[in-house]
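The chain contents come next:
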2 protein chains.
Amino acid sequence: MDTLDVKILKLLQQNARVTVSEIASQINLSVPAVSDRLKKLEAGGIIDKYVAIVNPARFQKELTAIMFISLERPKFTEQFVEFVQREDEILECHYLAGDYDYALKIITRSAATLERLLNRIKSVPGVQKTRTIVALSTVKNNHSIIPEDYSGE
Amino acid sequence: MDTLDVKILKLLQQNARVTVSEIASQINLSVPAVSDRLKKLEAGGIIDKYVAIVNPARFQKELTAIMFISLERPKFTEQFVEFVQREDEILECHYLAGDYDYALKIITRSAATLERLLNRIKSVPGVQKTRTIVALSTVKNNHSIIPEDYSGE
DNA sequence: TCTGAAAAAGAATTCGG
DNA sequence: CCGAATTCTTTTTCAGA
């Protein structure tokens, strides 16, 4: 992992479909060298995956919300996690240290669909308390960490 | 926008670097047809971008946190937004309806680096109150909405 | 480990139907 | 939208630095 690898990662974060030869010319490296490095970045799990980001507005998904959940007991965890995985409107779920047990990031169509999701959530066994915070707009939305500029290793 | 477009989107969400011919064979459509559809999805802004997701753990970014911020007055907004854009450890920023004004999603190295970021945040003019919630683990992490299976338009 | 070139394979574009 | 031909791109290989 060096400066050149970081440059490759940054180019792929800007556009995951750039060709190897385009990367090569951008960073002044030969095509085989870039190809080798890219394979190592993929095989080594440095690059987790390549994702197409779909514009939520084009699917009338206009409402973003953060929802906090507290679960009654640890034994309900497995069932809750399965529920979360099933629900496409729940994009993220983080297990928390603190007052609530989970934080969900939700993108849905409207107040009405949020209400329906909330009702599904409340009917999952063990869900005790919820708190929903609605976002009015999104100021920044990076999907991946940005590797800091490298010098070591 | 129809069922086939949704299938194309889903394949690109699984792997944004799949080739058009691979998509074509997966959905039983000719290569030129897929190529045309893909161009329309891109040009129409349905696909926002293609992103390589970098594994945070491989860069020792082990700590995820949600931070709520309240700003003193609207006039500090612009400066705050610029700050947020500059800080690579702040991945998301949403403007809120409610108690706090903004929610940030933060991925950083450790408690020490979170502390330093918190201090930078607190020294942004207008930042009045913050509340930080640390995540212990991530249960689900989708980066894009999943289009519902289509029938109309 | 990289380069450069050449060969081979594969993918995308074009276009007639 | 299909299918075939053309063109472009990518990958692989390897000798040499």
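Labelled according to an unreviewed UniProt entry, chain A appears under the name Lrp/AsnC family leucine-responsive transcriptional regulator, originating from Hydrogenispora ethanolica.

Our focus in this paragraph is the protein's contact with DNA strand D. The environment of DNA strand D is made up of Thr19, Val20, Ser21, Val31, Pro32 and Lys39 of chain A together with Leu29, Ser30, Pro32, Ala33 and Arg37 of chain B. A distance of 2.5 Å separates a phosphate oxygen of DNA strand D from a polar atom in the side chain of Ser30 of chain B. Contributions of two or more residues to the surface near DNA strand D are made by helix H2 (20-27) and helix H3 (31-43) of chain A together with helix H3 (31-43) of chain B.

Near DNA strand C there are 13 residues, and of these Ser30 and Arg37 of chain A together with Val20, Ser21 and Ser35 of chain B occur at the shortest range. Backbone atoms, meaning sugar plus phosphate, form 81% of the atoms of DNA strand C positioned within 4 Å of the protein. Within the backbone of Val20 of chain B, a nitrogen or oxygen atom sits 3.1 Å from a phosphate oxygen of DNA strand C. Within the side chain of Lys39 of chain B, a nitrogen or oxygen atom sits 3.2 Å from a phosphate oxygen of DNA strand C.

At the interface, 64 residues of chain B touch 64 residues of chain A. Buried surface at the junction of chain B and chain A, both sides included, amounts to about 6,300 Å², of which 59% is carbon and sulfur. On the chain B side of the contact with chain A, Arg17, Lys140 and Ile145 of chain B bury the most area, a combined 13% of that side's loss. Counting every contact that joins chain B to chain A gives two salt bridges. Taking the shortest distance from any N to any O, the salt bridge between Glu92 of chain B and Lys105 of chain A comes out at 3.0 Å. Counting every contact that joins chain B to chain A gives 48 residue pairs in polar contact (both at pLDDT 80 or more).

This part covers the UniProt feature "domain: HTH asnC-type" (unreviewed entry) in chain A. As recorded in UniProt, the sites labelled "domain: HTH asnC-type" (unreviewed entry) are residues 1-67 of chain A. Segment residues 1-67 of chain A splits into 49% helix and 19% strand. End C-alpha atoms: 38 Å apart.

The rules we used
Residues numbered from 1 in each chain as written. Chains lettered and ligands numbered in written order. Predicted model: local features only at pLDDT ≥ 70, side-chain atom pairs only at ≥ 80, totals over all residues. Heavy atoms only, no water. Near = heavy atom within 4 Å. Polar contact = N/O pair within 3.5 Å; in protein donor to acceptor, adjacent residues only side chain to side chain. Helix = DSSP H or I, 4+ residues; strand = E, 2+ residues; numbered from the N terminus. Contact = heavy atoms within 4.5 Å. Buried area = accessible area lost by both parts, 1.4 Å probe. Salt bridge = Lys/Arg side-chain N within 4 Å of Asp/Glu carboxyl O. UniProt positions renumbered as here; feature names shortened; annotations may be inferred.

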